[in-house]
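# A structural walkthrough
Residue-level listing of the chains:
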Amino acid sequence: MPASFITGFALGFSLILAIGAQNAFVLRQGLMGRHVFAVALFCALSDAVLIIAGIGGLSLLIADFMTAYTDWMFGGAAIWLALYGLLRLRDVIRGGGGLEAGTVKSLGVMSTLSVAAMLTFANPHVYLDTVILVGTVSLRFDGIDKLLFGAGAASASFVFFFGLAYGASYFASHMQRPGAWRVLDAVIAVIMFALALAMARAGNWI
């Protein structure tokens, strides 16, 4: 396997491995077994599009834009993540975030993907990782090696998101108890609030 592909795959996988808002959402959908394929495909394709944009030279434009509007982007992301954290906290209090007794009304696929889109594209770090960082590293390669590097980075996203979504589905049987979902939603809420705080600090809002 070409070294450029392996480099791209390793970089892409390392960037996406950290638990974040998008990953927590994919994990939750996998555990619930709701729109698993659509969510995994959307997240993987979103990363691939951003990676292609970065390798294609958009990284320089995005870098200039983020330099000019960094504070506002991080501030907006902080608000969105805090709101999503509040939704999960509400489920912790109500105990209505899981699969118990079929009492929870499932969002339609388009509504689910709209949440995935917000968690993906409203996060400034997505652009820093996929467009700017991957795009910058791709400058080391030329011709076919640059394409292989991009293919490796994009492949990492497909492997990770489908592995996370469908891997989570195997543990769904352990999540039948309402208490288990309260724990999961509490963990996700903490992650969202921590990320929102980090975003607010990065944008000099606090």
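The model shown is predicted, which means the values in this text are computed figures rather than measured ones.

Residues at a pLDDT of 70 or more form 84% of the protein, whose mean pLDDT is 82. Note that pLDDT drops below 50 for residues 99-105; the model gives that stretch twelve contacts with residues more than four away or on any other chain.

Next up on the list: the pattern of salt bridges. Pairs can form between side chains of opposite charge whenever their charged atoms are close. Applying the stated criterion across every chain yields a total of two salt bridges. In this structure, the salt-bridge partner of Asp185 is Arg28, at a minimum N-O distance of 2.8 Å. One end of the pair, Asp185, is in helix H7 (residues 178-202); the other, Arg28, is in helix H2 (residues 21-32), with 157 residues separating them in the sequence. Side by side, Asp185 and Arg28 carry an identical accessibility label, which is buried. Note that Asp185 is salt-bridged to Arg88, the shortest N-O span being 3.4 Å. Taken as a pair, Asp185 in helix H7 and Arg88 in helix H3 (residues 36-94) lie far apart in primary sequence, 97 residues in all. In terms of burial, Asp185 and Arg88 fall into one category: buried. Three or more residues are tied together by salt bridges with common partners; here these are Arg28, Arg88 and Asp185.

Below, the discussion takes up the layout of surface pockets. Gaps left between atoms are located by rolling a probe of water-molecule size over the structure's atoms. Taken as a whole, the largest pocket encloses approximately 430 Å³ of empty space. What lines the largest pocket is a set of 23 residues, among which Leu15, Ile16, Asn123, Val126 and Asp129 lie closest to the centre. Secondary structure elements with two or more residues in the lining of the largest pocket: helix H1 (3-16), H2, H3, helix H5 (124-137), helix H6 (143-169) and H7. For the lining of the largest pocket, the residue count by class is 13 nonpolar, eight polar and two charged.

Attention shifts here to the nonpolar core. Membership of the largest hydrophobic core comes to 34 residues, with the highest contact counts inside it found for Phe25, Val26, Leu81, Tyr84, Leu119, Phe161 and Met192. At the level of secondary structure, the elements contributing two or more residues to this core comprise H2, H3, helix H4 (109-121), H6 and H7. Counting ten residues, the second largest nonpolar core, distinct from the first, contains Leu11, Val134, Phe141 and Ala154.

Parameters and conventions
Counting starts from 1 at the beginning of each chain's written sequence and moves along it residue by residue. Predicted model: local features are reported for residues with pLDDT of at least 70 only, side-chain atom pairs are reported and counted for 80 or more only, and whole-chain, interface and lining totals are derived from all residues. Just so you know, side-chain values use all the structure's heavy atoms and leave hydrogens and water out. Per-residue confidence from the predictor is given as pLDDT, running between 0 and 100. When checking whether two residues touch, look at their non-hydrogen atoms; a contact exists if any pair is within 4.5 Å. Salt bridge criterion: a side-chain nitrogen from Lys or Arg within 4 Å of a carboxyl oxygen from Asp or Glu. Here a strand is any run of E in DSSP of at least two residues, a helix any run of H or I of at least four, and the numbering for each starts at the N terminus. Each residue is placed in one exposure class: buried if its accessible area under a 1.4 Å probe, protein chains only, is under 20% of its type's maximum, exposed if it is over 50%, and partly exposed if it falls in between. Note on definitions: the grid is 1 Å and covers protein atoms alone; a cavity is a set of points where a 1.4 Å probe fits but cannot get out; a pocket is an open set with protein on both sides within 12 Å along at least five of seven lines; lining residues have an atom within 4 Å of a point. Grid points are joined across faces, edges and corners, and a volume is the space filled by probe spheres set on the points. Three classes are used: nonpolar for Ala, Val, Leu, Ile, Met, Phe, Trp, Tyr, Cys and Pro, charged for Asp, Glu, Lys and Arg, and polar for all others, with Gly counted as polar. Definition used in this section: a nonpolar core is a set of buried Ala, Val, Leu, Ile, Met, Phe, Trp, Tyr and Cys residues joined via side-chain atoms within 4.5 Å.

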